Amino acid sequence: YTIDLGYSIADISANGGFIYYDITGAEETTEVYGSVAYELAAGDMLTISPGATLYYDFVEVDKPYLEVSVSADAGILEQLSAAVGMTFGMDFGQYKAGEFDGGPTVLQIGISAEYVLKNITLAPAFTYVIGLGDIFDDDHFAGLNVGFGF
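Please read these numbers as outputs of a predicted model, since none were measured by experiment. (Residues numbered from 1 in each chain as written. Predicted model: local features only at pLDDT ≥ 70, side-chain atom pairs only at ≥ 80, totals over all residues. Heavy atoms only, no water.)

Talk me through the layout of surface pockets; I want residue IDs and the actual numbers.
Each pocket or cavity is described by its volume, and for the largest pocket that value is around 430 Å³. For the largest pocket, the lining is made up of 17 residues, of which Y21, E31, D57, Q94 and Y95 are closest to its centre. A per-class count over the lining of the largest pocket returns eight nonpolar, three polar and six charged. Considering only enclosed or pocket space, the second largest pocket measures out at about 340 Å³ in volume. Forming the walls of the second largest pocket are 22 residues, and the residues nearest its centre are S71, G85, M86, T87 and G110. When contributions to the lining of the second largest pocket are tallied by element, the ones reaching two or more residues are β5 (46-57), β6 (63-77), β7 (80-91), β8 (103-117) and β9 (120-131). (1 Å grid on protein atoms, 1.4 Å probe; cavity = no way out; pocket = protein on both sides within 12 Å on 5 of 7 lines; lining within 4 Å. Points joined across faces, edges and corners; volume = space filled by probe spheres on them. Nonpolar A, V, L, I, M, F, W, Y, C, P; charged D, E, K, R; others polar. Helix = DSSP H or I, 4+ residues; strand = E, 2+ residues; numbered from the N terminus.)

Tell me about the pairing of β9, and please be specific about residues and values.
Two strands pair when backbone bridges link them, and β8 and β9 are joined in this way by 10 bridges, in the antiparallel orientation. If you follow L107 over to β9, its bridge partner there is I130. Remark: two residues form the turn of the hairpin made by β8 and β9, two consecutive strands paired antiparallel; K118 in that turn has positive phi of roughly 55°. Note: β9 against strand β10 (residues 139-148), 10 bridges, orientation antiparallel. Across the sheet, the residue bridging to V129 is D139, located in β10. (Pairing = 2+ DSSP bridges.)

I'd love a proper account of the pairing of β8, names of residues and values included.
Direction of pairing for β7 relative to β8: antiparallel, over a ladder of 11 bridges. Residue pairing in the sheet places A83 in a bridge with S112 of β8.

Which residues make up a nonpolar patch on the surface, and what values do they have?
A grouping of Y115, L117, I120, L122, L144, V146, F148 and F150 is seen on the molecular surface, where their side chains present a nonpolar patch of about 900 Å² in accessible area. Listing elements by their share of the nonpolar patch, those giving two or more residues are β8, β9 and β10. In terms of residue count, the dominant contributor to the nonpolar patch is β10 (three residues). In this structure, V146 sits in strand β10. The exposure class of V146 is partly exposed, given its relative accessible area of 44%. (Patch = residues over 30% accessible without salt bridge, like charges linked within 9 Å, V, L, I, M, F, W, Y side chains within 5 Å. Areas by Shrake-Rupley, 256 points an atom, 1.4 Å probe, with all protein chains shown as cover. Salt bridge = Lys/Arg side-chain N within 4 Å of Asp/Glu carboxyl O. Buried < 20%, exposed > 50% of the residue type's maximum accessible area, 1.4 Å probe, protein only.)

Explain a negative patch on the surface to me, and be specific about the residues and the numbers.
On the surface, a cluster of negative charge is contributed by D11, E39, D73 and E114. Checked against the element boundaries, E39 lands in the loop between β3 (29-38) and β4 (40-41). In this structure E39 comes out as partly exposed when scored by relative accessible area, which is 45%. (Lys, Arg positive; Asp, Glu negative; His and termini not counted. Charge placed at Lys NZ, Arg CZ, Asp CG, Glu CD.)

Outline the nonpolar core, supporting the account with residue identities and numerical values.
Membership of the largest hydrophobic core is limited to eight residues, which are I19, Y33, Y55, Y65, F100, V106, V129 and F136. Among all residues touching Y55, those that are not within four sequence positions of it are I19, E31, V32, Y33, K63, P64, Y65, E67 and Q94. (Core = buried A, V, L, I, M, F, W, Y, C linked by side-chain atoms within 4.5 Å. Contact = heavy atoms within 4.5 Å.)

And the structure:
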């Protein structure tokens, strides 16, 4: 369960909130998080957005986890845009697995698109995850978001 609050001033956005985890087979826990991102226009069609999010589990492990990201979004047509992005994860003691005691975790590389047709939005996405430590495996996932406007 997530509660998220966000605020933007010009090209800078900030979010913060709480995440409650109730996952079968894992300890229940709660994190507080904060993020900041900057949107930089690079010409008329391209936007580059660096950002960072810090998660802090204050119930189960009392340790932080950091994600640093950068993405580029291009408006191809009026109703079509495409984006590529990269996220690097760094653990500071949240993961409890074998000999792992913090450090780099994963590098995620993703591509997505968004197509808007009147009141319907289609947004397919694909992400490849590269495990950076001995306990993190490479993986991938894909999805399709469908939105309706009234």
